[in-house]
Amino acid sequence: QVHLVESGGGLVHPGGSLRLSCAASGFTSDIYAIAWFRQAPGKEREVVSCINNIDGTTHYSRSVKGRFTASRDDVKKTMYLQMTSLKPEDTALYLCATGYGYCDAVNYHYWGQGTQVTVSS
């Protein structure tokens, strides 16, 4: 079974930076997508970024493009989300999710527990 563990969340001031990590294990195929989602009370769950494992191509939501950078370490099987220029509206529970396939057509069957990011002055 695929297992995901997020870490790196915390409290940060507006304009600050934070790096989230998602350690993954248990994949039986290299063709999978791994993504960051975020959700806040009263808001729809949103895809923040997605990486195609097979070639490392990435996709971002419009709300974070230019500020957040997703990457992965093939050896450690860890995905990162480097967040800069953080805004209060970035406050959310950030969740790591994955599924077999590609970012444009994947069912996210596996989820981590989430890590909280709070941006406040």
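Preceding this paragraph is the structure being described.
Caption draft 1: Molecular detail of the packing of aromatic side chains. Scanning the entire structure with this criterion turns up five aromatic pairs. Judged by centre distance (6.3 Å) and plane angle (85°), the ring pair of F27 and Y100 falls under edge-to-face. Placement of F27 in the loop between β3 (18–25) and β4 (32–39) and of Y100 in strand β9 (residues 92–102) is noted, with a sequence separation of 73 residues between them. Between F37 and Y108, the ring centres sit 5.0 Å apart and the planes meet at 85°, which makes this aromatic pair edge-to-face. Of this pair, F37 sits in strand β4 while Y108 is found in the loop between β10 (105–106) and β11 (110–111), placing the two residues 71 residues apart along the sequence. Each member of the aromatic cluster is reached from another via a ring pair, and the members are F27, Y32 and Y100. The residue whose ring lies beneath R45 is F37, and the NZ or CZ to ring-centre distance is 5.6 Å.

Caption draft 2: Examining the nonpolar core more closely. One finds L20, I34, W36, F68, L81, M83 and Y94 to be the most contacted residues of the largest nonpolar core, which totals 25 residues. Looking at this core element by element, the count peaks at four residues for β3. Listed in part, the nine residues of the second largest apolar core include A33, L95, A97 and Y108.

Caption draft 3: Seen up close, the state of the cysteines. All chains considered together, the criterion is met by two disulfides. Note on cysteine connectivity: C22 is disulfide-linked to C96, with sulfurs 2.0 Å apart. Because the sign of the S-S torsion sets the handedness, a value of about -75° for the bond joining C22 and C96 places this disulfide among the left-handed ones. Note that C22 is positioned in strand β3 and C96 in strand β9, a separation of 74 residues in sequence. Like C22, the residue C96 is buried in the burial classification.

Caption draft 4: Up close: the pattern of salt bridges. Summed over all chains, the structure comprises four salt bridges. Between R72 and D74 there is a salt bridge, with the nearest N and O atoms lying 3.6 Å from each other. A single salt-bridge network, built from bridges that share partners, covers R38, E46, R67 and D90.

Caption draft 5: Representation of a nonpolar patch on the surface within the structure. The grouping of I31, I54 and Y102 at the surface amounts to a nonpolar patch, some 250 Å² of accessible area in total. Checked against the element boundaries, Y102 lands in strand β9. A relative accessible area of 36% places Y102 in the partly exposed class.

Definitions and limits used
- Residues numbered from 1 in each chain as written.
- Predicted model: local features only at pLDDT ≥ 70, side-chain atom pairs only at ≥ 80, totals over all residues.
- Heavy atoms only, no water.
- Phe/Tyr/Trp six-rings, centres within 6.5 Å; stacked < 30°, edge-to-face > 60°.
- Helix = DSSP H or I, 4+ residues; strand = E, 2+ residues; numbered from the N terminus.
- Lys NZ or Arg CZ within 6 Å of the ring centre and 35° of its normal.
- Core = buried A, V, L, I, M, F, W, Y, C linked by side-chain atoms within 4.5 Å.
- Buried < 20%, exposed > 50% of the residue type's maximum accessible area, 1.4 Å probe, protein only.
- Disulfide = S-S within 2.5 Å.
- Salt bridge = Lys/Arg side-chain N within 4 Å of Asp/Glu carboxyl O.
- Patch = residues over 30% accessible without salt bridge, like charges linked within 9 Å, V, L, I, M, F, W, Y side chains within 5 Å.
- Areas by Shrake-Rupley, 256 points an atom, 1.4 Å probe, with all protein chains shown as cover.

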